[in-house]
Amino acid sequence: MSLTSHSAVVRRLIVSPGPAPQEQAPVVASAAAVSAVLRAFGRSPEDLPARTVVLIGSAEVDPGLRTEHEGFGVVTTATPGLALRRAHHELHVCTADLALVAGFGEPDAHTITVYAVKRAAEAVADGDAVLGLLDVTTPHGPEATPALRPLHQNPRGTDPDRHRLILWSGRNADDEARVRGELLPMLSGIHREAYPALPTAVPCGTPPGPVRGAAVAVSALAARTVHQARAVDVSRPRPVVLLFPGQGSQHAGMAAGLYRREPVFTAAVDAALSHMGEEGSRVRADWLDPKRAAIGIDDVRRAQPLLFAIDYALGKMILSWGVRPTAFLGHSAGELVAATFAGVVSLSDAVAMVQARVREAVKIPAGGMLAVAASEEQLHPYLTDGVGIAAVNANQQVMLAGSRGPLADVADRLRADGLTVVTVPATSPFHSPAMAPASDAIESDYRDIPLREPKLPLYSGYTGTLMSAEAARSPRFWADQITDTVYFRNALDELLAADDVLLVEAGPRQTLTAFARRHRSVRLGAGAVSPLLPARAGTPEADRQSVLNAAARIWTEGHDLDLNAIARLWTWCDEDATATAGTTAPHLPAKTLVA
């Protein structure tokens, strides 16, 4: 059963929109009732996804009820069953991202049962408590309420030879030393088969203390690694900021070691790729089997869609640990991922924006990018009509982009003058004037996308500062991103001037980590940076080990983690799933809210 082809009921709430039942007539689908439905789960309508639809299942509808209420579409059907089936359809043709289904007269004539329904893979990626999957195939007639099928239980993949995380803490240095001293004999004497089942953090059952230690190790090296680990006082944790890299960071098989070995990451990748239709299945196939890929990873048709899915899934995985970032910063195409997390655009619409970029980019003559160890001012004399400044990433680290012939000529001149030049893996001249026709074409596509003001601080590499509400809502701003220069250095300056933070790069290759490490704030120890994935392609276990090292860093910065979520990195496995999608999901406890 594929999660990407199902809708999931994530909330169910019984509301009584009026006085006591004995004093009122049966509820009728009216504007006041729809307002109650929109607020049923304690969120204001402004916090709901832009593509939210209210589906009414009632035989009694107020003639004054319109097809739009408070900015959201309203659809009426005769029964709650029809409304739930319509919700399933709306979600899977992507005309809605959330369906609020109101069954009037359920469970009695004076109440409404409200269901919150989402696409199943997105519900799992969001960490929702899922009541069940709508089964619209049940042969009980189109008006019958669809059955709810439970999600599968956690697939178990416990492997005693995999890396795992060990966390410990104390109230002070002496207490930390005592806890570590009690932990070491346990690790030295434990049978390797029991190693994955050890508690993630000790002492158990008490809040973690301010003096912390962490180790990532296989069973044979656990005791030695814990013994050598450095304890850290985390009384003043730095806020977490997520960085999302763009094209040029991709490599074959990036993050594949997490797919089907971490449930939220798996569901989030599937959710993103499902919005790409049949092309999403081809992107996944090329990613998981790069030796037989139909299209190479550096081609814009693979690099940008897959980078978006990977960056998005890594960000979702970090959020599933209980980490709450205070800001986001993306580089180039990564800015669209950051905007998705900041609430500017929905996942389905962000994917549509990526696809529009790709569709128009392939119409532009082939080009590429160069990384040059020089300042922006030094490179101005080398620029031609076909070559421009693509990005200013750090002091003495600038990228050029342009059409293939002119760019090759500029590269020869730069090398002849003794400058260090590295070819960036890209086949399109992004962030150069050559992309102008594509920019004009995609602006018209973006006019149909609901764009919102950021709900969380979002730093833009195109303005070099916090993204304004006007920019976030402007189709032209987003369309211009494929031609305009990325001023990542300026945006990072602004971000690190605002606060001392822990930067976590949620993407492959550690490109942004390298830029951040050159920043004065990080070099002086005020800010810090931690990559999530390895610097280069490696084994699947290297991916998981790197992620665990990042989790250890976040813990030793003073941020508490969801220990059950972290433990899934060494106790969950779905490697027998079919290649078409992540077909299983973690068991999430059903949560029925009754009022």
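Along each chain, residues carry numbers from 1 onward, in the same order as the chain's sequence is written. A pLDDT threshold of at least 70 governs which residues receive local features in this predicted model, and a stricter bar of 80 or more applies before side-chain atom pairs are shown or counted, although totals over entire chains, interfaces and linings include all residues. Derived side-chain values reflect all non-hydrogen atoms in the structure, with water molecules and hydrogen atoms excluded from consideration.

**A word on the sheet that holds strand β14 (residues 327–330)**
One open sheet accounts for six strands, arranged β20-β19-β14-β13-β21-β22; its pairing is mixed. Two strands in the sheet have a free side with no partner beyond their single neighbour: β20 (465–466) and β22 (528–531). By this definition, two strands are paired if DSSP reports at least two bridges between them. Note on conventions: DSSP H or I runs of at least 4 residues are helices, E runs of at least 2 residues are strands, and numbering of each starts at the N terminus. Sheet analysis places strand β13 (residues 240–244) next to β14, joined by four bridges and oriented parallel. Of the residues in β14, the one forming a bridge with leucine 242 is phenylalanine 328. In what follows, residue pairs with any heavy atoms lying within 4.5 Å of each other are defined as contacts. Only C-alpha atoms enter the line fits that serve as axes; for helices the fit covers just the stretch in contact. Angles between N-to-C directions range over 0 to 180 degrees. Sitting on the sheet, helix α8 (residues 300–320) touches β13 and β21 (502–505), and the angle it makes with β13 is about 165°. This element, helix α9 (residues 334–341), spans β13, β14 and β19 (458–460) of the sheet and lies at about 160° to β14.

**So, the side chain of glutamine 481**
For glutamine 481, the position within the fold is in the loop between α15 (475–479) and α16 (488–498). Polar contact is the term for a pair of N or O atoms within 3.5 Å; when the atoms are in protein, one must be able to donate a hydrogen and the other to accept it, and sequence-neighboring residues count only if both atoms are side-chain atoms. A polar contact of 2.9 Å, which involves the side chain of glutamine 481, links it to the side chain of glutamate 335. Setting aside residues up to four positions removed in sequence, glutamine 481 forms contacts with Ser332, Glu335, Arg357, His431 and Tyr462.

**Concerning the pairing of strand β15 (residues 367–372)**
Among the six residues that make up β15, six are buried, leaving the element largely enclosed by the rest of the structure. Throughout, exposure labels follow a simple rule: accessible area from a 1.4 Å probe, protein chains only, divided by the maximum for the residue type, with under 20% read as buried, over 50% as exposed, and the rest as partly exposed. Burial of the side chains of β15 extends over both faces: Gly367, Met369 and Ala371 are buried on one face and Gly368, Leu370 and Val372 on the other. Bridge count for β15 against strand β17 (residues 397–403) is six bridges, and the pairing is antiparallel. Within β17, the residue paired with leucine 370 across the bridge is leucine 400. Relative to strand β18 (residues 421–424), β15 runs antiparallel, the two being bridged by four bridges. Within β18, the residue paired with valine 372 across the bridge is valine 421.

**Topic: unusual backbone geometry**
Here the residue pair glutamate 106 and proline 107 is connected by a cis peptide bond, since its omega of -5° sits within 30 degrees of zero. Its place among the elements puts proline 107 in the loop between β5 (98–104) and β6 (112–119). Cis rather than trans, the peptide bond between valine 202 and proline 203 has omega equal to 0°. The residue proline 203 is located in the loop between β10 (201–202) and β11 (211–217) in this model. Residues other than glycine seldom take positive phi values, yet alanine 255 does so here, at roughly 65°.

**Let's talk about the confidence of the model for the protein**
Confidence of the predictor at the level of single residues is given by pLDDT, which spans 0 to 100. Scored by pLDDT, the protein has a mean of 91; 94% of the residues are at 70 or more. Note that pLDDT drops below 50 for residues 577–595; the model gives that stretch 60 contacts with residues more than four away or on any other chain.

**Here's the deal with helix α6 (residues 263–274)**
To estimate the expected span of a helix, subtract one from its residue number and multiply by 1.5 Å. Taking 1.5 Å per residue as the helical rise, α6 with its 12 residues ought to reach 16 Å, and the 16 Å between its terminal C-alpha atoms agrees with that figure. For α6, the buried fraction is high: 11 of the 12 residues fall into the buried class. Buried residues of α6: Pro263, Val264, Phe265, Thr266, Ala267, Ala268, Val269, Asp270, Ala271, Ala272 and Leu273, and no others. Summarising the contacts, the buried residues of α6 are in contact with α3 (120–125), α7 (278–288), α8, α10 (347–361) and α20 (563–571).

**Topic: the pattern of salt bridges**
The term salt bridge refers to a side-chain nitrogen of Lys or Arg lying within 4 Å of a carboxyl oxygen of Asp or Glu. All chains considered together, the criterion is met by 32 salt bridges. A salt bridge links arginine 212 to aspartate 560; the shortest N-O distance between them is 2.6 Å. Here arginine 212 is found in strand β11, whereas its partner aspartate 560 is found in the loop between α19 (540–555) and α20, with 348 residues between them in sequence. In this structure, the salt-bridge partner of arginine 292 is aspartate 289, at a minimum N-O distance of 3.9 Å. Taking relative accessible area as the criterion, aspartate 289 reaches 32% and is therefore assigned partly exposed. One network of salt bridges, in which partners are shared, links Asp440, Glu443, Arg447, Arg476 and Asp480.

**Observations regarding the packing of aromatic side chains**
Here the aromatic set is Phe, Tyr and Trp, taking the six-membered ring for Trp, and pairing holds for ring centres within 6.5 Å; pairs whose planes are under 30 degrees apart are stacked, those over 60 apart are edge-to-face, and all others are tilted. Counting across every chain of the model gives nine aromatic pairs. Between phenylalanine 308 and tyrosine 312, the aromatic rings sit 6.2 Å apart at their centres with planes inclined by 5°, giving stacked as the arrangement. One end of the pair is phenylalanine 308 and the other is tyrosine 312, both in helix α8 and four residues apart, which spans about a single turn. Owing to a relative accessible area of 3%, phenylalanine 308 belongs among the buried residues under this scheme. Only Lys NZ and Arg CZ are tested; either one counts as a charge over a ring when it is within 6 Å of the ring centre and within 35 degrees of the ring normal. The residue whose ring lies beneath arginine 164 is tyrosine 195, and the NZ or CZ to ring-centre distance is 5.5 Å. We note arginine 212 situated over the ring of tryptophan 555; from NZ or CZ to the ring centre the distance is 4.2 Å.

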